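An overview of the molecular structure
Residues per chain, in single letters:
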Amino acid sequence: MLNTRNRRYLFAYLMMAPGLLLMAIFTFYPIIYGLPLTFTNYSVIGETKWIGLANFKRAFSDPDFLLALKNSILYIIVVPVIQILSICMAILVNNNLKGVRFFRVSYFVPVVTSMVAAAIAWKWMFEQKGIINFILESAGITNGNIAWLANPDTALYAVMFVTVWKGLGYYMMIYLAGLQSIPSELQEAAKIDGANRAQVIRHVTIPLLQPFVLLCSLLSVMSAIRVFDEVYIMTGGGPAHASMVTGVYTYVKAFQDFDFGYAAAIGLIVSLIVMLFSIILFKYGKKGGLNYYG
Amino acid sequence: MANKLRSTAILLAMMLFISVLSACTQSTTGKTTDQKTGNQGSGASENSKGNNQASAPKNITLDFWTIALSPNFDDYINGRIAKYEQENQGVKIKWTDLPFTAIENKLLTSIAAGKSPDVVNLNTNMALTLASKGALVDLNKQATAEQIGIYFEEMYKSASIQGSTFAFPWYIAPHVLMYNKKIYEAAGLDPNAPPKTWDEVKQHAAAIKEKTGKYAFIPTIAVYADLVNAGVPVISEDKKKVVINTPEALTYAKWVKALYDEDLVPKDGITGGYTYALNQFQAGEVAMLITGSQFLNRVKQNAADVYANTLIADVPTQSSGNIHAPLMNVVVPAMSDTHEEAIAFANYITNDESQLEFAKVVNIFPSTKEAAKDPFFTESGEDPESKAKVIAAASLPRAIDITFGVPDQGELISILTKEWEKMLLGQQTPEATLKNAEEQMQKKLDEINANY
């Protein structure tokens, strides 16, 4: 006969069971299955051989992978840009201004737009005779058509711009939820103490938003390192691998060259790097909020 | 109780991990692949099963996969299938059409899951990639001489590696030159005198850019094919040496680089790919498009005004006089459990009758000797499509599906393309490009040959 405590445990496990089962099949099993693959030359078809650490040695002497890794880490510069802009937007749309609902919806539209459709549209806009060049030339900012996506100096940044554009609304909504969870008494108290609007934001709002900043930063760091769709569609990693990132490189190795063992090893290396960034973010970003983590 | 549950959870996790390791060990030791012939151990045993079935009363369903033929050609494919089923009682064909970008992965995952289709439409590069992994039937060993004998020999040899051939050639589309009459007139050029050589192409490009501000054309991304057409071997006959760094290659590389340096072609073409070139032509933004005549149909549907102003001519050729003509093939995966019937159907869908009927539906050309002789290919009309048909048919003897005939040739092409792009972007000289490409490709080819 189970006592009350164990009955609760059993009930909890039973409630979790369906979800855990699905996660086991679709998440844990592929992860665990992928680990031994990193030590093989697995190609789905053909003979599979155990090759030890050869895939890892190859990765760190493969200039294409190292370039992709460098670009993926460089991609993290989108994180502060997205976070700062989305906090500003959240603060803006948190006010009871006229027409604020329109802006909330407008900023969120990119989030619900398919990345494939968005990337194709932006690809057109970034063409030499696209609307971006037209606007810049009309405003007298540039002289001549810039091949944004075919120029090794601009290709990666043009794609980053699309990532920022697409992600802003998502993070803005999280920050908006965070802002609305902050008790208005705290801000009112600061105002009574003589703080102006900027001081309230700097000394009250932002520190209280800190747990949301941690969450959003973590999510966007992970997304930035794993970026795939926009790069694959807009540049395919080109020109001459200038915008190649690890997500696209892993895809090319796995699904174009059928080098699944090597692709799994690359995936594992990238996962460890993501984990490292997450640990750093947790270590230095967990202060603030209504209750300090201690 | 809590401890028991925790122990159970740990035990289950360990079992899961052990099962994965054992699965991996099985895959390490369980498959006996004969890579030279393309027959997997399982495939060979299934093949004998297939042969046994041939003598027994047939009750077979063949899975047939094609690339992007539905819905435009539903009537044609369904009609051929219905006829085949009528003539071969007991054999049913289940047709599946997949997008170009999905078919290779889909086939791979299907084979990995142990359930392969029986007859699959692939281009030569895809066929060679899968053949090098031992996934396709060697038709030289399993098809009859009668089945093989209907195709042009050069086309049949396209998907060959070391004496084995892995595909029946299906339809081919020799490139033609499509050009926009309006842009030609606006540039002060005679629309009745299209460029015949690549030097003339460059002259026209300069005139068009100067007078209209538009680009004349977008160089193709198939650098390897352009080099072969320029008389560069790329791969030696014994498939052991990369030969790219030649005077012919240098001349061609400098010619292409000059186009970019002089702003005679759009830089977007470097990453834009073929779709970009087609879209620019349809938009009336570039004067020329060099591609298979079947794409005229798209121009006709998407841009009627441009189609009405489209003229057709022979492709300007390089020193070899050859014309690049990408080929579609039909293969039989080694894992199909009915090789004999699958080969028979693959041969049927690519035979004279089937190909001729298909060519009458869309602007493609047959890979079979008899079908190509049909008067249909010499009857010209006034519209661009029928003019393209006659021009392309006349160029068939010079049409080549350029392949290297080595396993994993896609990886070699990737290296060449990357180095070529660096040159176009001004990151390295044509001399350095050819040297780097040759060295890196040789290293990769040595690896490929060592592993095959």
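Residues numbered from 1 in each chain as written. Chains lettered and ligands numbered in written order. Predicted model: local features only at pLDDT ≥ 70, side-chain atom pairs only at ≥ 80, totals over all residues. Heavy atoms only, no water.

Counting its secondary structure elements, chain A contains 14 helices and 0 strands. Counting from the amino terminus, helix and strand elements in chain A follow one another as α-α-α-α-α-α-α-α-α-α-α-α-α-α. With the C-alpha coordinates of chain A rotated into their principal frame, the extents come out at 80 × 75 × 30 Å. Counting the 294 residues in chain A, one finds 44% classified as buried. A sequence separation of at least 24 residues applies to 69% of the contacts in chain A between residues at least 6 apart. (Helix = DSSP H or I, 4+ residues; strand = E, 2+ residues; numbered from the N terminus. Buried < 20%, exposed > 50% of the residue type's maximum accessible area, 1.4 Å probe, protein only. Contact = heavy atoms within 4.5 Å.)

Residues and elements named next belong to chain B. Strand order in the open sheet formed by 3 strands is 12-9-13, and the pairing between neighbours is antiparallel. The open sheet is flanked by strand 12 (288–292) and strand 13 (310–313), the only strands paired with a single partner. Direction aside, neighbouring strands of the sheet carry axes that sit 30° apart on average. Strand direction decides the pairing type here: strand 9 (residues 175–180) and strand 13, joined by 4 bridges, are antiparallel. By the bridge assignment for strand 13, Asn180 is matched with Thr310. (Pairing = 2+ DSSP bridges. Axes fitted to C-alpha atoms, helices over the stretch in contact; angles between N-to-C directions.)

Here the amide bond leading from Gly238 of chain A into Pro239 of chain A is cis, since omega sits at -5°, within 30 degrees of zero. In this fold, Pro239 of chain A is placed in the loop between helix 12 (229–234) and helix 13 (246–256). Between Ser70 of chain B and Pro71 of chain B the backbone carries a cis peptide bond, its omega angle lying at 5°. Within the secondary structure, Pro71 of chain B sits in the loop between strand 3 (60–67) and helix 3 (74–87).

Moving on to the interface of chain B and chain A. With 42 residues of chain B at the contact, the number on the chain A side is 38 residues. Both faces combined, the contact of chain B with chain A buries some 3,700 Å², and carbon together with sulfur accounts for 63% of it. For Lys418 of chain B, the salt bridge identified is with Asp64 of chain A, shortest N-O distance 2.6 Å. Looking at the side of chain B that touches chain A, the elements that each hand over two or more residues are helix 1 (2–29), helix 4 (100–112), helix 5 (124–132), helix 13 (269–282) and helix 20 (409–424) of chain B. Ranked by the residues each element gives to the side of chain B that touches chain A, the list is headed by helix 1 of chain B, at 10 residues. (Buried area = accessible area lost by both parts, 1.4 Å probe. Salt bridge = Lys/Arg side-chain N within 4 Å of Asp/Glu carboxyl O.)

Let's shift gears to empty space enclosed by the protein. Taking a probe equal in size to a water molecule and rolling it over the atoms shows the remaining empty space. One pass over the full model with this rule turns up 3 cavities of 30 Å³ or more. When its volume is computed, the largest cavity comes out at roughly 280 Å³. If you go around the largest cavity, you meet 22 residues; those closest to its centre are Trp198, Thr220, Asp226, Ile290 and Val315 of chain B. Of all the secondary-structure elements, those providing two or more residues to the lining of the largest cavity are helix 11 (223–229), helix 12 (247–261) and strand 14 (323–324) of chain B. The dominant element in the lining of the largest cavity, judged by the number of residues it contributes, is helix 12 of chain B, at 4 residues. Looking at the lining of the largest cavity residue by residue, the class counts come to 14 nonpolar, 7 polar and 1 charged. What the second largest cavity holds in volume is close to 50 Å³. Glu127, Gln128 and Lys129 of chain A together with Tyr215, Pro266, Asp268, Tyr276, Gln280, Glu285 and Val286 of chain B are the residues that line the second largest cavity. For the lining of the second largest cavity, a count of residues per class yields 4 nonpolar, 2 polar and 4 charged. (1 Å grid on protein atoms, 1.4 Å probe; cavity = no way out; pocket = protein on both sides within 12 Å on 5 of 7 lines; lining within 4 Å. Points joined across faces, edges and corners; volume = space filled by probe spheres on them. Nonpolar A, V, L, I, M, F, W, Y, C, P; charged D, E, K, R; others polar.)

Throughout the structure, instances matching the rule amount to 39 aromatic pairs over all chains. Where Phe228 of chain A meets Tyr232 of chain A, the ring centres are 5.1 Å apart and the plane angle is 15°; that geometry is what we call stacked. For Tyr232 of chain A, a relative accessible area of 32% translates into the label partly exposed. Relative to Phe260 of chain A, the ring of Phe255 of chain A lies with its centre 5.3 Å away and its plane at 90°, an arrangement referred to as edge-to-face. Across the ring face of Tyr262 of chain A, the terminal group of Arg58 of chain A is positioned such that the distance to the ring centre comes to 3.6 Å. The ring of Phe376 of chain B carries Lys389 of chain B above its face, with NZ or CZ at 3.9 Å from the centroid. (Phe/Tyr/Trp six-rings, centres within 6.5 Å; stacked < 30°, edge-to-face > 60°. Lys NZ or Arg CZ within 6 Å of the ring centre and 35° of its normal.)

With that settled, consider the side chain of Ser336 of chain B. All names here are of chain B. Among the structural elements, Ser336 can be located in the loop between strand 15 (327–331) and helix 16 (339–349). Using a relative accessible area of 0% as the deciding quantity, one classes Ser336 as buried. A polar contact is formed between the side chain of Ser336 and the backbone nitrogen of Thr338, at a distance of 3.3 Å. (Polar contact = N/O pair within 3.5 Å; in protein donor to acceptor, adjacent residues only side chain to side chain.)

Moving on, we get to the pairing of strand 4 (residues 91–98) of chain B. The side chains of a regular strand alternate, residue by residue, between the two faces of the sheet. Residues and elements named next belong to chain B. Sheet topology places strand 3 next to strand 4; 8 bridges connect them, and they run parallel. Bridge pairing in strand 4 places Phe64 opposite Trp95. In this fold, strand 3 hands off to helix 3, which returns the chain to strand 4; that crossover is right-handed. (Right-handed = clockwise from strand over helix to strand, strands pointing away.)

With that settled, the discussion passes to the sheet that holds strand 4 of chain B. Within a beta sheet, neighbouring strands are joined by backbone hydrogen bonds and run either parallel or antiparallel to one another. All names here are of chain B. The strand order 4-3-5-15-8-16 describes an open sheet built from 6 strands, whose pairing is mixed. At either margin of the open sheet sits one strand with a lone partner, and together these are strand 4 and strand 16 (365–366). Of the strand pairs in this sheet, strand 3 and strand 5 (residues 119–123) are connected by 2 bridges, and their pairing is parallel. By the bridge assignment, Phe64 is partnered in strand 5 with Val119. Against the sheet, helix 4 engages strand 3, strand 4, strand 5 and strand 15, with an angle of about 145° to strand 3.

Residue and element names in this part refer to chain A. Taken as a whole, the second largest pocket holds about 870 Å³ of empty space. Around the second largest pocket, the lining comprises 28 residues; the ones closest to its centre are Pro30, Thr250, Ala263, Ala264 and Gly267. Contributing elements (two or more residues each) for the lining of the second largest pocket: helix 1 (4–37), helix 13 and helix 14 (260–285). No other element matches helix 14, which puts 10 residues into the lining of the second largest pocket. Residues that form the lining of the second largest pocket fall into these classes: 19 nonpolar, 8 polar and 1 charged.

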